[in-house]
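A closer look at the structure
Now for the letters of each chain:
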Amino acid sequence: MSVIDITIEKQVSEWLTPIFDQNTQQQVQKLIQDTPEELKESFYKDLEFGTGGMRGIMGVGTNRINKYTLGKSTQGLSNYLLQQFPNEQPKAVIAYDCRHNSDTLAKIVADVFSANGIEVFLFSSLRPTPELSFAVKELGCHCGIVLTASHNPPEYNGYKVYWQDGGQLVMPQDKEIITEINNLQYTDIKFDANESLIKLIDSEIDDVFIERSVKKGSFAATQEAKNNTTIVFTSLHGTSIKSVPETLQKAGYNNVHIVKEQAEPNGDFPTVKSPNPEEPEALTMALELAKKVDADIVIGTDPDCDRLGIAVRNNKNQLELLNGNQTMVVMTWFLLDHYKKLGYKGNEFIASTIVSTPMMRSLANAYGVTYKEVLTGFKWIAKLIKDYPNEHFIGGGEESFGFMVGDFVRDKDAVTSTLLACEIVAYTKANNSSFFQKLIELYTEHSFYKESLVSLVKKGIEGAAEIKQVMIDLRNNPPKSIANEKVVLIEDYDTGIAYNTQDHTKTTIDVPSSNVLIFYTEEGSKIAARPSGTEPKIKFYISVQQILPTIDDFEHTQTILDEKILAIKKDLQLT
């Protein structure tokens, strides 16, 4: 019998004891009788915290999201809070999204906190993730929890933990809390709520959050420009319907068309294959509505409203979907230009991640501000604000359609970012330009950077082993060239070493360890490989670049870059 089989047998036996409620025991028995492979997947390991917290399929078992796995995590977090703040009354705030069981699971988390003497603020109904981040600081809480699986399929749910600054959990707290959780038994979980410690919250936080979003997301657009801007918005059945329309309305945007078929929160996401604004298909209905109303911009947000996808009018007046890097670049330019006009204080910085477009660094250099680059995951961008309290964070984002405007929210924020995107469209249109035109102009100034993402889904035990082997092979036998471009630098974020293949020198990468490999070629291409921290995927991030002499050369240069990306994919067998 293998180690995995012995582990599964031990775990299953425990879940059939009276420690677990009768319904749970019955579900485990059903797996044993009907679906032994699913039983194996459900118990072969414990769910772990990744770049976005703990996320997984709902169901019984140690590798599933359920009352007991969340209860154990919350008990460990409770113990840690009581240890860290012995002379204070610890407080936590909890939000949840539209997914099945999110409200029930949120109440279970609240029960466990309260049973441990921790005061709880629980949102009365679903709320966007950025509002949870905001509420942590606004309410003076020691931590926050949001129940969400972001853009994952309907069978998933998740648990993201935020700390006192409103940012997601990072080191050293994350490791210390995980250790606390791992030292617990399921019998240690306190499920009996102290209802007197649980307080429902509602509009008192909504109003302040929306007011602050309007203030932080409003810039140079006049009311006349706003009146001349037509917006199509879809919440993709998620939580953004609670905040985005009202934010736009309060900011003066009255010509907003909402995709009604997708406005009702629904954990089945019935009108889309995936509620992921990264996927073009997700915005199909919004684009159809945009054609009818002659919209200037289309915006869609993911279920927990921390990421946004947009489409804008291109130079042929056709609606074109932008990727996360393109949106981020234009948003960052707009913020930098705004602050430059106000007058820099000399301590400003922008930030992005190691797998995002190199163009962010070029923008920072052009505007004379500091550029900081961190690991994948927005928690690392938020951590910069805490680590550099004497510096001013203007804004920043990552390729996966997340952006943060200023620091009043400490996570990617599709509410304020949606308003910012509309401001840019309104402002540029009023000045005989456009969001898309500005993007091309930036390419002529900083070089034309084009990015592409390949995500390979590898589910289950075998998939996890396959992903692990891909990374081992890339480390042990790194490519000497990619698509006939010589590899000149290899960054291994697991070992923290950057290796120059030309002079054979090694330098240290000063970031926390992470399972990421990045290859740079002599022609400026950049290819990163990284297993996802929240999904059963391995991701390849491709970035290529070329000088764009004039705006008129855009189409031709784009074709060249697209061909280069295709050649890289073929060489790495990603097609």
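This text gives an overview of the structure that appears in the document. The shown structure was predicted, so the numbers you read here are calculated from the model rather than taken from an experiment.

Side note on the side chain of Arg 313
- In this structure, Arg 313 sits in strand 11 (residues 308-313).
- For Arg 313, the side chain forms a polar contact with the side chain of Asp 294, separated by 3.3 Å.
- For Arg 313, the side chain forms a polar contact with the main-chain oxygen of Asn 317, separated by 2.8 Å.
- Apart from residues no more than four positions distant in its own chain, Arg 313 is found in contact with Ala 290, Asp 294, Ala 295, Asp 296, Gln 318, Leu 319, Ser 434 and Phe 436.

A short note on the environment of Ser 78
- With respect to the helices, strands and loops of the structure, Ser 78 is situated in helix 4 (residues 67-84).
- For the pair Ser 78 and Gly 343, spaced 265 residues apart in sequence, the C-alpha separation works out to 45 Å.
- The residues contacting Ser 78, other than those within four sequence positions of it, are Val 112, Phe 113, Asn 116 and Ile 118.

Regarding helix 15 (residues 414-430)
- In this model, helix 15 (17 residues) spans 24 Å end to end at C-alpha, consistent with the 24 Å of a helix rising 1.5 Å per residue.
- Judged by how many residues are buried, helix 15 sits mostly within the fold: 14 of 17 residues are covered.
- Measuring from the backbone nitrogen of Val 415 back to the side-chain oxygen at the start of helix 15 gives 2.9 Å, which picks out Asp 413 as the cap.
- Following helix 15 by one or two positions, Asn 432 adopts a phi angle in the positive range, close to 55 degrees.

Focus: the packing of aromatic side chains
- Evaluation of the coordinates by the stated rule reveals 19 aromatic pairs.
- Note on Trp 15 and Tyr 68: the rings are 5.8 Å apart at their centroids and 75 degrees apart in plane angle, and the pair reads as edge-to-face. Residue Trp 15 is found in helix 1 (residues 3-15), and its partner Tyr 68 is found in helix 4; the two are separated by 53 residues along the sequence. As far as burial versus exposure is concerned, Trp 15 and Tyr 68 are alike and both buried.

Here we look at the packing of helix 2 (residues 22-34) against helix 3 (residues 36-43)
- Two elements in contact, helix 2 and helix 3, have axes separated by 6 Å at closest approach and are oriented at 130 degrees. It follows from the interaxial angle that helix 2 and helix 3 lie oblique. Between helix 2, through Val 28, Leu 31, Ile 32 and Asp 34, and helix 3, the contact on the second element is made entirely by Pro 36, Glu 38, Leu 39, Ser 42 and Phe 43.
- Within the contact of helix 2 with helix 3, the residues separate by chemical class into six nonpolar, one polar and two charged.

Quick notes on the sheet that holds strand 15 (residues 392-398)
- Read across the open sheet, the four strands follow the order 14-13-15-16; overall the sheet is mixed. The two strands at the open ends of the sheet, each matched to only one other strand, are strand 14 (370-374) and strand 16 (402-405). Each strand axis lies, on average, 20 degrees off the axis of its neighbour in the sheet, ignoring direction.
- Pairing analysis gives five bridges linking strand 13 (residues 348-353) to strand 14, with the strands arranged parallel. Bridged to Ser 352 within strand 14 is Glu 373.

Reading the values: the criteria
Residues numbered from 1 in each chain as written. Predicted model: local features only at pLDDT ≥ 70, side-chain atom pairs only at ≥ 80, totals over all residues. Heavy atoms only, no water. Helix = DSSP H or I, 4+ residues; strand = E, 2+ residues; numbered from the N terminus. Polar contact = N/O pair within 3.5 Å; in protein donor to acceptor, adjacent residues only side chain to side chain. Contact = heavy atoms within 4.5 Å. Expected span 1.5 Å × (residues − 1). Buried < 20%, exposed > 50% of the residue type's maximum accessible area, 1.4 Å probe, protein only. Phe/Tyr/Trp six-rings, centres within 6.5 Å; stacked < 30°, edge-to-face > 60°. Axes fitted to C-alpha atoms, helices over the stretch in contact; angles between N-to-C directions. Parallel < 35°, antiparallel > 145°, perpendicular 65-115°, else oblique. Nonpolar A, V, L, I, M, F, W, Y, C, P; charged D, E, K, R; others polar. Pairing = 2+ DSSP bridges.

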